[in-house]
Amino acid sequence: FLFIPLLTYSLAGAQDEFAGQMKTIDALQNDTVKVLKMDALTMDIIMNGEYQMALDYSNKMLQISKIIGYKTGEAKALTKMGIVYYFKPQMDSALTRYEQASAVYEEIGDKDGMAKVYNNIGMTYHGLADFVKALDYYYKSLLLSQELKNPNFICKSYNYIGSVYFDQNKYK
């Protein structure tokens, strides 16, 4: 009987904590530091399962990024929206946001951002059992990660590629 009230308190406490952090960040001037703080907090909100709050905050982050001309912030906000839609799961909306983020990352030449969002697009297609498209994006991410010499994302890309083959029972 105590589990449910404690869980409810925990979620309410997290919402209050996020609201307090949002208030502190919102008081900052509109600049790249504010956008990056919003980005980090948004990921925490997503991981806590507060999807509507994360979407609202991502939209606010996107608007501020546009106002100050911070393209990286725009791409990060769109990526966070994609992550929310992926978890909801609203895969078409996730793909739309990821593709928008990808276009911004390509426009500014941010290969690290492109590699990350390509993995996200691959995961979304993987979730839709579109293995050909999933592999296409995982390999795009792998190539960029190798070019950037990013061992973390090289490993992730190989892992995701392997999981596609595993899901198709292609073990050799």
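Residue numbering note: each chain is counted from 1, following its sequence as written. Local features are withheld for residues below a pLDDT of 70 in this predicted model, meaning they are given only at 70 or higher, and side-chain atom pairs are given and counted only at 80 or more; totals for whole chains, interfaces and linings count all residues. Heavy atoms throughout the structure, all of them, feed into the side-chain values; hydrogens and water do not.

Visitor: Requested: an account of the layout of surface pockets, with residues and values cited.
Guide: When its volume is computed, the largest pocket comes out at roughly 400 Å³. Along the walls of the largest pocket sit 22 residues, with Thr-79, Lys-80, Ile-83, Lys-116 and Asn-120 positioned nearest its centre. Helix and strand labels come from DSSP, where a helix needs a run of H or I of at least four residues and a strand needs a run of E of at least two; each type is numbered from the N terminus. Among the elements of the structure, helix H2 (32-47), helix H4 (71-87), helix H5 (91-108), helix H6 (111-127) and helix H8 (151-167) are those that each provide at least two residues to the lining of the largest pocket. Examining the composition of the lining of the largest pocket, we find that seven residues originate from one element, H4, more than from any other. Looking at the lining of the largest pocket, its residues break down into 10 nonpolar, five polar and seven charged. Within this scheme a cavity is a closed region of a 1 Å grid, computed over the protein atoms alone, that accommodates a 1.4 Å probe without allowing it to escape, whereas a pocket is open but has protein on both sides within 12 Å along at least five of seven lines; lining residues each have an atom within 4 Å of a point. Grid points are joined across faces, edges and corners, and a volume is the space filled by probe spheres set on the points. The classification used treats Ala, Val, Leu, Ile, Met, Phe, Trp, Tyr, Cys and Pro as nonpolar, Asp, Glu, Lys and Arg as charged, and all other residues, Gly among them, as polar.

Visitor: Give a description of the nonpolar core that names residues and reports values.
Guide: Taken as a class, soluble globular proteins show a tendency for nonpolar side chains to be buried jointly. Counting 42 residues, the largest nonpolar core has Tyr-118 and Ile-121 as the members making the most contacts within it. Where this core is concerned, the elements lending two or more residues are helix H1 (3-26), H2, helix H3 (51-68), H4, H5, H6, helix H7 (131-148) and H8. When residues in this core are grouped by element, the largest group, seven residues, is from H4. Throughout, a residue-residue contact means that at least one pair of heavy atoms, one from each residue, lies within 4.5 Å. If we skip the residues at most four places from it in the chain, Tyr-118 touches Ser-102, Glu-106, Tyr-137, Lys-140, Ser-141 and Leu-144. We define a nonpolar core as any set of buried Ala, Val, Leu, Ile, Met, Phe, Trp, Tyr and Cys residues linked to one another through side-chain atoms lying within 4.5 Å. Residue exposure (1.4 Å probe, protein chains only): buried if accessible area is under 20% of the type maximum, exposed if over 50%, otherwise partly exposed.

Visitor: Any details on the environment of Tyr-105? Residues and values, ideally.
Guide: With respect to the element layout, Tyr-105 can be found in helix H5. Tyr-105 sits 34 residues away from Lys-71 along the chain, and the two C-alpha atoms are 7.9 Å apart. The residues contacting Tyr-105, other than those within four sequence positions of it, are Ala-75, Lys-76, Thr-79, Asp-110, Gly-113, Met-114 and Val-117.

Visitor: A description of H6 should follow, citing residues and the corresponding values.
Guide: Look at H6: 24 Å from first C-alpha to last across 17 residues, which is about the 24 Å you get at 1.5 Å a residue. The buried fraction of H6 is high, at 12 of 17 residues. Of all the residues in H6, the buried ones are Gly-113, Met-114, Ala-115, Val-117, Tyr-118, Asn-119, Asn-120, Ile-121, Gly-122, Thr-124, Tyr-125 and His-126. For H6, the secondary structure elements touched by its buried residues are H4, H5, H7 and H8. For H6, the side-chain oxygen to backbone nitrogen distance between the N-cap and Asp-112 is 3.2 Å, and the N-cap itself is Asp-110. The positive-phi residue at the C-terminal boundary of H6 is Ala-129, with phi of around 65 degrees. What a helix is expected to span follows from its residue count: subtract one and scale by 1.5 Å. The term polar contact refers here to a pair of N or O atoms within 3.5 Å; inside protein, the definition further demands a hydrogen-donor-capable atom paired with an acceptor-capable atom, and it admits residues adjacent in sequence only when both atoms are side-chain atoms.

Visitor: Describe in detail unusual backbone geometry, supporting the description with residues and values.
Guide: The peptide bond linking Lys-88 to Pro-89 adopts the cis configuration, its omega dihedral lying at -20 degrees. Along the polypeptide, Pro-89 turns up in the loop between H4 and H5. Positive phi outside glycine occurs at Asn-169, with the angle close to 60 degrees. Of note, Asn-169 is situated in the segment after H8. On the basis of relative accessible area, Asn-169 is assigned to the exposed category, the value being 55%.

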